[in-house]
Structures are given as C-alpha cells and as structure tokens.
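Notes for the structure review
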Amino acid sequence: MRLREFVIEKLLFIAALSSLAVLALIAVFVFIEGTPIMLREGLGSFLLGAKWAPTKGSFGILPMIMGSIWVTVGALLIAGPVGVACAVFLVEIAPRQVADVVRPAIQLLAGIPSVVYGFIGIVVLVPFIRETFGGPGLSILSAAIILGVMVLPTVISIAQNALEAVPVEYKQGALALGCTHWQTILLVILPTARTGLITALVLGMGRAVGETMAVIMVVGNAVKLPINPLDPARTLTSNIALEMAYAAGAHREALFATGVVLFVFIMILNALANMRLRRRGSHR
Amino acid sequence: MIPDQPSRRPRLNPEKVHVAAVVALWTTAGVTLAVLAAIIVFILVHGLPMLTPEFLLAQPESMGRAGGIFPTIVGTLALTAVALAIATPLGVGTAIYLNEYSRGGRAAAAIRFGVDCLAGVPSIIFGLFGFIFFVIYLKMGWSVLSGGLTLAVMVLPTIMRTAEEALRAVPASYRQVSFATGATTWQTVTRVVLPVALPGTVTGIVLSIGRCVGETAAVIFTAGTALRLPLSIFSPTRTMAVHFYILAREGLSMPHAYGTAAVLVITILLVNTIANAIMLRFRAGVT
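Just so you know, these numbers come straight off a predicted model, no measurement behind them. In every chain, residue numbers begin from 1 and rise along the written sequence. Numbering of ligands from 1 and lettering of chains from A proceed in the order in which they are written. Local features in this predicted model are restricted to residues whose pLDDT is 70 or higher, and side-chain atom pairs enter the listing and the counts only when it is 80 or higher, whereas totals over whole chains, interfaces and linings include all residues. With hydrogens and water stripped out, all remaining heavy atoms of the structure feed into the side-chain values.

Let us look at the overall build of chain A. Per the secondary structure count, chain A includes 12 helices and two strands. Helical segments are the DSSP runs of H or I of at least four residues, strand segments are the runs of E of at least two, and each set is numbered from the N terminus. Listing every helix and strand of chain A by position from the N terminus yields α-α-β-β-α-α-α-α-α-α-α-α-α-α. Dimensions of chain A along its principal axes, counting C-alpha atoms only, are 70 × 70 × 30 Å. Each residue is placed in one exposure class: buried if its accessible area under a 1.4 Å probe, protein chains only, is under 20% of its type's maximum, exposed if it is over 50%, and partly exposed if it falls in between. Every one of the 284 residues in chain A was classed for burial, and the buried ones make up 55%. In chain A, the proportion of contacts linking residues at least 24 apart, taken out of those at least 6 apart, comes to 72%. Working note: accessible area of chain A is about 12,100 Å², and carbon and sulfur atoms make up 68% of it. Of the charged side chains in chain A, 20 are positive and 13 negative, and the gap between their average positions amounts to 4 Å. In this description, contact between two residues means that some pair of their heavy atoms is separated by no more than 4.5 Å. In this description, accessible areas are obtained by the Shrake-Rupley approach with a 1.4 Å probe, and a residue is regarded as covered only by the protein chains that are shown. A residue counts as positive if it is Lys or Arg and as negative if it is Asp or Glu; His and the chain ends are not included. Think of each charge as sitting on NZ of Lys, CZ of Arg, CG of Asp or CD of Glu.

The structure is reproduced here in structure tokens:
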C-alpha cells in the first residue's frame, strides 16, 4: 500500500514536470535551429537589416519587426479601451441575466478559429477599407482591426478578474461619500485595479504578436518598412508561416531565427505579466 | 479671509455624466456582441446551403474545388483524438499533483510558471517546434501522430488549468472525511475528489477539442496538407481548418470555403454550448 502510494506520487510528479520539459524542448530546438544564422550574420544586421531576400543571402528582419509592432499597437488601441469597457460593464453595470449571456458570448468569440477571422477579413473588411480609405485594403489597419477583435476575450477576462478583486469596501466608501457610480468606477475602482488591467493589456499584446493565420490573410505580406496604417506589411509570424513550406538550408534557419525573436519577445511579455499577477496575488 | 472661489468652468452634472457613461458602456458591450453575432450569421448564411450529406461524406475533387470534405473531417477527428489522449492524463495528472500532493514550495511554483509560459506560446512556435522535433528529429514525418502530439503540447495548459480550478473548488471537508476513515491520498483523489471535480475537468477537455479543431498554424507544418484519407496515425493528413485556409487563400472555391467554415463554426458553437452546460451543472452541484 505504501509502495503504491509512493509510485503514484512520483508518476504524478513526472506528469507535472511535462509542461516544464516541453517548454524547455521548444526553447532548445527552436534555438538550436535558429541561432547559428543569427550569429553568422551578426545579431545587429539580422535584427536591424532592412533587406529580406533569403534565397539571395540577405536576412534582415527589421521590416517584419516593424510590421509586428504596428499591427500589435493598432490591435491594442482597439482591444484596450473596448476590453476594459466590456469588463467594467460585466462587473459593475450589467444585470445578472445580461452578464450571464455576455460572458459565454465572449468565450465564444475566443473560440472562433483564427482562419475564420482572417476569412471575414478578406471578404468583408479588406474591400471595405479599400473602398473607404483607398490603398490596397490588405493593410496594417485591416490586420489591427481583426486582431483587436481577436484579443478582446483575453483582455476582457483578465480585466474582469482585476475588477472583481477590488475590495467591496472601497466601492462602498466612495458611494457613501456621495460619488455617483461612474465616479466610483473612474476614481476608485479602475485605479485600484490598475496593475491587473496592465496585465490584461500585456497578455493581450502577447496574443496579438503571436497570432498568425488571421494576420497572413489580411496584412498583405509585403516586405517593406511600413510608414502608414494603410500600407501592407509583413509580421514576424506571417514571415514564418508563408515561407516555411518551401524553405531549406539557410532560408529555413532564418525562419527559425525569426521564431527565436518571436519566442524571446513573448517570453518577456509572459514573465512581465506573471510577475505582476503574482505580486498582486501576494497582497491578499 | 479668502472667499469661496466660484469655479470658472461650468461643472458637468455628475448624474448626467453617470448616465452618459452607462449608456456608453452598454453600447460598447452591445457592439461587441453584434460583431460576434455578425461573424457567426455571415458564415452560416453563406455556408449552410453547402451542407449536404454529400459535402460531408464525399471525397474532394480537383484540390477541393468540387466534391466533399470527408478526409479533412476524419483528419481533424484523428488529430484531436491523439492530442486529447496524450494531453488529458498529463494535464489532469499535473493538476492532481499540484493541488493534492505538493505542499506549495519551489517545484510547484516552477511548474505553475512553466504552464503559464506554455499557455502564452503562440501557435506558430508550436508549429515550428513540432516540425523540427516530431517531423524531422523523431522522424515521424508529416503525420496524424506529429500533428496530434503538437496539439497535445498546445492544449496541455488549458486542460491543466481547468482541472486545477475544478479540484480547488472541492471543499476541504470532503478530503478530511476521507482521510479520517483511513483512506490514502490516492484513494481520496480517485474516490472522493475526482468524481466531484469531474464536470469541471471535462469542461477543459471539451474546450480543448474546440482549439484542436480550429487550429491551423501548429498543424499545417506537422500533419501536412495531404487530401487523402488518413489510414493510420503515420499517414499525413489535412484538417478542416487547414483545408479551409487553403481554399480561401488560393481562391480555389468560395462556396466550398464557406461550407467548410460553416462546419468549423457549428463545431465551435456545439463545443462551447456543451462546455457551458457542463460548467453550469457543476457550479450548481458544488455550491
């Protein structure tokens, strides 16, 4: 009996190590494949080179880095305010029955496959932007709007947790002093939940940077430094997915190196977000 | 004596500001729901007319321009089955270890950190990893197995987190009673805790089905794009999501793209409805 318990505990411990092991494997294999070319080309010229012609030996990913930054910032400009507003609505305003409908709906929004978002982008949003604002339509703006909707569920659910964690006494105090409900939200609840709201944005940012299929379909994928939201651009993720199918040799290594840049960036964002979550957790 | 300074700015009436803010918040939430509804209705309106038994059960012809999507449905199911068969024991095992065995400490903190990081890894990185590790390094080639293993890694955090939440919701008194009767930890877990936490755990597994079905980037480089019916877990295959992506991006056939999208969206709707139904019953049961 005792032996069986011991064996089971060890087996469960090994299962529990699987996530860490997999994370390490991912890091090791992507780095082994990606770092040699970064060192060969020089980190500076890989990250800051503006010319990407992998079959001719030019490996500069600056246009893709800029593309990812533009698209991500655009997505957060949409998902940040809308996400926080929806979270405030769910926690503070919505009657119970309404919240019980809105919550699963937002979960559903998170469940819709990214290819479906990309498709909607192609058939509805891209023509609309082409006709309304001019340009090719396949653009940073289209990608930012689609991504904004896609990261909304992430932002809402974490912002909601942050708002729910605000002690009810704070709210009661503000209301007792004669604040309106909105003044209470704006001056007491939102500032108190600040850390959690920033975490929501950081994790939303991670989602936006990492999203691939929807972006490929609407962003245009042209390798050039974007200067205008109506320009087409290429992101780090779309660079990998577009060329992976036929890449070989140094070209494939360069795509893995693009993956390394993406991985490092996402891990930094995750570490930031988790540190914040944990610090907040330790208060209570 | 300083007299009360009348404020220069005409002050907004706080009550009116409050009403305006509430209206704005209702509008924002309403617009968000409207976008969701528009996406679903748009796909279903264009796609439902395509959904005939032939479309679901026939072989595709000329790269998917005609015929059905049967092999991609089989491929999707096979990949999802492999992924869940691997991720469920690992994810639930991790949750049981963290919640029932570990007494906090560094190992548990490190494992939680690992799960959190894994949850944030983008699907294209899983695709790169699956390609270089399963397809090339372990020589599995483009196959149901490679794709399923890659998806397993991807959904592991979802299954683990929901299972842990479900275990945590089981009142401590249940365990105390079990221990008081002389049961071991494992007996307590299998006979008392898990039965109560089962619905919550199942919710996570059901939601993972949704992620597997909809995933494209992690699958396209690991399971391949072959349109043949996969006959073993070592055959290459094409999932519905990948098929839909290829149809739409290469402009092969819009009606077939809409039809495939409708199958995807209906699957996701079903998965979410089932998950919610289970979760609601679970909540009602525990409290």
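We now examine the pattern of salt bridges. All names here are of chain B. Every case where a carboxyl oxygen of Asp or Glu lies within 4 Å of a side-chain nitrogen of Lys or Arg is listed as a salt bridge. The full count for this structure, using the stated rule, is 11 salt bridges over all chains. A salt bridge links Asp 116 to Arg 161; its shortest N-O distance comes to 2.8 Å. Placement of the pair is Asp 116 in helix H4 (residues 105–120) and Arg 161 in helix H6 (residues 144–168), with a sequence separation of 45 residues. Residues joined in a network through salt bridges with shared partners are Arg 112, Glu 164 and Arg 168.

For the rest of this paragraph, the subject is the domain arrangement of chain A. Residue and element names in this part refer to chain A. Each domain's extent is set by a domain assignment, obtained either automatically or from a database. Segmentation of chain A into domains returns domain 1 (2–48) and domain 2 (63–283). Each partner contributes to the interface: domain 1 provides 13 residues, whereas domain 2 provides 14 residues. Once two parts are put together, the accessible area they lose, assessed with a 1.4 Å probe and summed over both, is termed the buried area. Between domain 1 and domain 2, the buried area comes to about 1,100 Å², and carbon and sulfur atoms account for 81% of it. At the boundary of domain 1 with domain 2, the tally comes to two salt bridges. A salt bridge links Glu 253 to Arg 40, with the nearest nitrogen and oxygen atoms 3.4 Å apart. When residues of the side of domain 1 that touches domain 2 are traced back to their parent elements, those giving at least two are helix H1 (2–41) and helix H2 (43–48). The leading source of residues in the side of domain 1 that touches domain 2 is H1, at 11 residues.

Turning next to the interface of chain B and chain A. Facing 72 residues of chain B, the contacting portion of chain A comprises 74 residues. Summing the contributions of chain B and of chain A, the shared interface buries around 6,700 Å²; its carbon and sulfur component is 81%. Across the chain B-chain A interface, the total number found is zero salt bridges. Any pair of N or O atoms that falls within 3.5 Å is considered a polar contact. Within protein, one atom must be able to donate a hydrogen and the other to accept it, and sequence-neighbouring residues count only if both atoms are side-chain atoms. Connecting chain B to chain A are six residue pairs in polar contact (both at pLDDT 80 or more). Elements with a minimum of two residues in the side of chain B that touches chain A: helix H1 (14–47), helix H3 (70–101), H4, helix H5 (123–137), H6, helix H8 (185–214), helix H10 (240–249) and helix H11 (254–286) of chain B. Looking at the side of chain B that touches chain A, the element that brings in the most residues is H1(B), giving 18 residues. Three categories are distinguished: nonpolar for Ala, Val, Leu, Ile, Met, Phe, Trp, Tyr, Cys and Pro, charged for Asp, Glu, Lys and Arg, and polar for the others, with Gly belonging to the last. When grouped by side-chain class, the residues that make up the side of chain B that touches chain A number 55 nonpolar, 14 polar and three charged.

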